[in-house]
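Fold and contact review
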Amino acid sequence: MKKKIVLALLLITTVISGWLIIDKLDLLDIPSNKNDHYAAFEKRKIESRTDINDFEKELLKSEIDINRKNTKQNSTIAYNTQIIALIIIGIQIVAFILVLLMPKSTHSSIRGD
């Protein structure tokens, strides 16, 4: 009975870790160079606009830089979360195998049968 509870807890923890990995996929900044190039292109477009003054141009370019920085930070956090979740899954799999390989304990010697 205790073995089943341990196995269930190991399985639940593994499923939660797997969910964390999948949930954080959309935060990864995979084409980082491409996104940096796109941000630079947007900043050049802002610089060429004549309908806004220099202060507004700097404000818009600063906003692009801040958004890019936040995206990179979120990506780093998501990546680190996924690495930790993968390590936990690895530990859980090893623990799962060890629990499965444990011999059944007999209580006959304790009871005096």
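Bear in mind the structure is a predicted one, so any value in this text is a computation, not a measurement.

As a packed pair, helix α1 (residues 2-23) and helix α3 (residues 54-101) sit with axes 9 Å apart at the nearest point and diverge in direction by 160 degrees. When the interaxial angle is binned, α1 and α3 end up roughly antiparallel. Here α1 and α3 pass one another in a crossing that is left-handed. Facing Lys3, Val6, Leu7, Leu10, Thr13, Thr14, Ser17, Gly18, Leu20 and Ile21 of α1, the residues of α3 in contact are Thr81, Gln82, Ala85, Leu86, Ile88, Ile89, Gln92, Ala95, Phe96, Val99 and Leu100. Residues belonging to the contact of α1 with α3 are distributed by class as follows: 13 nonpolar, seven polar and one charged.

What follows concerns the packing of helix α2 (residues 32-48) against α3. Where α2 meets α3, the closest approach of the two axes is 9 Å, and the angle between their N-to-C directions is 170 degrees. Considered as vectors, α2 and α3 are oriented roughly antiparallel to each other. Of the residues in α3, those in contact with Ser32, Asn35, Asp36, Ala39, Glu42, Lys43, Ile46 and Glu47 of α2 are Lys57, Leu60, Lys61, Ile64, Asp65, Arg68 and Lys72. Considering only residue class, the contact of α2 with α3 consists of four nonpolar, two polar and nine charged.

What follows concerns the confidence of the model for the protein chain. Predicted coordinates in regions of low pLDDT should not be interpreted in detail. Per-residue confidence for the protein chain averages 88 on the pLDDT scale, and 92% of its residues sit at or above 70. Averaged over each element, pLDDT in the protein chain is lowest for helix α4 (residues 108-111) (50) and highest for α3 (93).

Glancing now at the environment of Ile52. Inspection of the secondary structure puts Ile52 in the loop between α2 and α3. When its relative accessible area of 15% is taken as the criterion, Ile52 is described as buried. With 41 residues separating them along the chain, Ile52 and Ile93 place their C-alpha atoms 59 Å apart.

Analysis parameters
Residues numbered from 1 in each chain as written. Predicted model: local features only at pLDDT ≥ 70, side-chain atom pairs only at ≥ 80, totals over all residues. Heavy atoms only, no water. Axes fitted to C-alpha atoms, helices over the stretch in contact; angles between N-to-C directions. Helix = DSSP H or I, 4+ residues; strand = E, 2+ residues; numbered from the N terminus. Parallel < 35°, antiparallel > 145°, perpendicular 65-115°, else oblique. Left-handed = near helix turned anticlockwise from the far one by under 90°. Contact = heavy atoms within 4.5 Å. Nonpolar A, V, L, I, M, F, W, Y, C, P; charged D, E, K, R; others polar. pLDDT = per-residue confidence, 0-100. Buried < 20%, exposed > 50% of the residue type's maximum accessible area, 1.4 Å probe, protein only.

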